[in-house]
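Working through the structure, step by step
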Amino acid sequence: MQAQLNRLHRKTAERVEVAASMKVGPALVAELSRLNTEPMTAETAVTVAALWAKVAAWVSAQQMVPTYEALHGIRGALNLDPRHEGLMLTAQELACETHVAYPTAMSQVALVERIAECLPASWEAMARGEISLAHVKAVEKATTNCSPRVAEAVDCQVVALAVERGWTPGETARAARRLVIAMDPDGAVDRAAAAKDCADVRFYPLPDETATLVATGDAVLARRMADAVDELAEAMARAGDDRNVGVRRFHALADLVLNEPGAGIADGRPVPRGETHVRVDLTTMLGQDDRPGELVGYGPITAQTARRIAADTMLRRLVFDPLTGDTLDLGRRSYRPSAALRRLIVADKPTCGMPGCSRPSIDCEIDHRREYDRRTDPGRTDRDNLGPKCKLHHDLKTKKLWHVDVNPDGTETWISFLGHRYTKHPTWFPVPEPLVVEPEPPEEIADGLPLFADPDPPDPDEPLPAPPALTDAEYEEMARAVDLLDAFGETFRQWCDRHYDEARVTGLVA
């Protein structure tokens with residue numbers, strides 16, 4: 001019986017290998033549907049699940065096509081504001097048809113329009129099943145306030161990197177933010193200032209006498225506040241507080257905000273103020289260029305912000321090589337890294353070393369990539385042999401449930417319990433030069449400029465050439481289209497009138 005089952009498993013694995021080489025589309029969907037009824041091992045099942053994820057991305061891309069056609073058609077049929085009212089009507093149609101909330105449908109339609117305007121690389125990669133819808137949303141969010149030209153340039157570069165290196169949506173978003181600053185440094189400064197002016201603190205009630213407090217604002221202050229909360233929570237633990245770390249953080253925040261110290265600090269010692277680390281390359285520090293810096297534990301920031309905060313006594317600047325991304329090195333022969341060495345590890349590697357994990361390295365443990373051995377170079381406590389691991393993935397490695405190979409190029413390949421191999425590629429990459437934006441001449445000057453794009457413009461008095469004659473099939477197609485429009489027109493106008501009446505009653509429109 002077991003021998004027969006093994007033969008069936010091998011046969012399924014062979015079919016899965018063929019399916020993995022197929023182009024994403026209806027044929028792959030059909031094959032995966034048939035495979036779902038076949039017996040398979042855990043290893044094969046993981047591969048099939050990954051292929052279904054590629055299909056899901058392809059389906060999302062295909063759904064965007066009719067969504068955009070609906071938006072384009074509604075805008076063309078009505079004399080409405082080309083953006084807001086067209087989006088509103090299209091979203092309402094889809095919300096009713098697909099039984100989702102109107103805000104959800106509006107987000108979907110707005111995303112489709114943004115993709116059509118300036119994110120073609122994202123859509124094409126999603127249609128090939130190379131990235132997910134979450135990746136596309138990450139790029140769209142990072143470029144929301146950018147001009148279409150900047151957004152398209154960022155999209156082209158970041159999607160290629162995400163596909164090549166197998167980035168998660170979080171890693172893709174981080175790279176996209178870095179590219180936005182690099183390609184449009186002046187615009188990034190203005191957008192950062194405008195965003196900080198929208199700072200706020202919101203309170204959201206939750207069940208069982210709990211609530212969520214969300215603070216949005218300057219990333220530097222937010223990082224420092226988070227560090228202060230962590231420091232106080234650790235001090236509470238040292239004083240004997242055995243509650244879990246989340247509870248201690250919450251009460252530490254309450255102590256700091258309300259200025260009502262609880263019983264957590266039994267020894268009365270002052271809470272140490274944490275340092276915030278900023279990475280910035282030397283040429284940016286000297287003001288020779290405006291390459292983006294990085295706030296450790298947050299991500300890319302503008303050069304102006306990096307230079308402004310680098311001199312702060314509570315901030316530590318870490319100068320790195322703009323070509324390699326490497327920070328200065330330190331080495332030790334003891335097992336536990338020094339505080340200075342930990343700062344370098346955290347600055348060099350922004351997230352946990354596990355592929356797919358985006359936990360900031362500032363909140364991770366420091367792991368010896370090769371097991372510590374005082375006598376051998378590979379096992380030493382130095383930058384090359386240390387890396388951040390969140391507690392979960394550090395435990396997986398320590399307990400030998402996952403195995404980690406260190407590659408010659410410095411990357412890590414994680415080998416799963418099932419034997420699958422995943423490589424963590426670096427998130428750092430050299431940033432390009434800023435895009436050159438040609439200033440537009442004033443309108444009164446532009447009217448008098450020659451048409452450089454067309455050296456031989458047509459004579460306005462010259463009659464247009466006669467259009468080519470239509471074939472019989474084209475005439476029949478036009479007639480059918482006119483009949484459909486006539487049949488649909490009255491119903492659509494009645495629908496619009498009814499919804500506009502409702503909108504006027506509710507005050508949405510004047």
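It should be emphasised that the depicted structure is a prediction, and the values quoted were computed from it without experimental measurement. (Residues numbered from 1 in each chain as written. Predicted model: local features only at pLDDT ≥ 70, side-chain atom pairs only at ≥ 80, totals over all residues. Heavy atoms only, no water.)

**Concerning the packing of aromatic side chains**
The cut-off we apply is this: Stacked, edge-to-face and tilted are the three classes for Phe, Tyr and Trp ring pairs, Trp counted by its six-membered ring, which pair at centre distances within 6.5 Å; planes under 30 degrees apart are stacked, over 60 edge-to-face, the rest tilted.
One pass over the structure, following the stated rule, counts two aromatic pairs. Taken together, Trp402, Trp414 and Tyr422 form an aromatic cluster joined through their ring pairs.

**Observations regarding the side chain of threonine 143**
What counts, and what does not: Helix and strand definitions here come from DSSP, where helices need a minimum of 4 consecutive H or I residues and strands a minimum of 2 consecutive E residues; each element is numbered from the N-terminal end. Any two residues having at least one pair of non-hydrogen atoms within 4.5 Å are treated as being in contact.
Along the polypeptide, threonine 143 turns up in the loop between helix 7 (133-142) and helix 8 (148-165). Discounting residues that sit within four places of it in the chain, threonine 143 has contacts with Arg114, Leu119, Ala151, Val154 and Val180.

**What about the pattern of salt bridges?**
In plain terms, the rule: The rule for a salt bridge is simple: a side-chain nitrogen of Lys or Arg has to be within 4 Å of a carboxyl oxygen of Asp or Glu. Buried means the residue's accessible area, taken with a 1.4 Å probe over protein chains only, is under 20% of the maximum for its type, while exposed means over 50%, and partly exposed covers the values in between.
This model, assessed by the stated rule, comprises 23 salt bridges. Between lysine 196 and aspartate 218 there is a salt bridge, with its nearest N and O atoms 3.5 Å apart. Of this pair, lysine 196 sits in helix 10 (residues 185-196) while aspartate 218 sits in the loop between strand 2 (210-216) and helix 11 (219-238), and the two are 22 residues apart along the sequence. Overall, the relative accessible area of 32% leaves lysine 196 in the partly exposed class. Note that arginine 369 and glutamate 412 form a salt bridge whose closest N and O atoms lie 2.8 Å from each other.

**Observations regarding the side chain of glutamate 113**
Spelled out, the test is: Side-chain atoms alone can form a polar contact between residues adjacent in sequence; in general such a contact is a pair of N or O atoms within 3.5 Å, and within protein one must be able to donate a hydrogen while the other accepts it.
Looking at the secondary structure, you find glutamate 113 in helix 5 (residues 102-118). Glutamate 113 sits in the buried class, given a relative accessible area of 5%. Here arginine 75 takes part through its side chain, which lies 2.6 Å from a polar atom of the side chain of glutamate 113.

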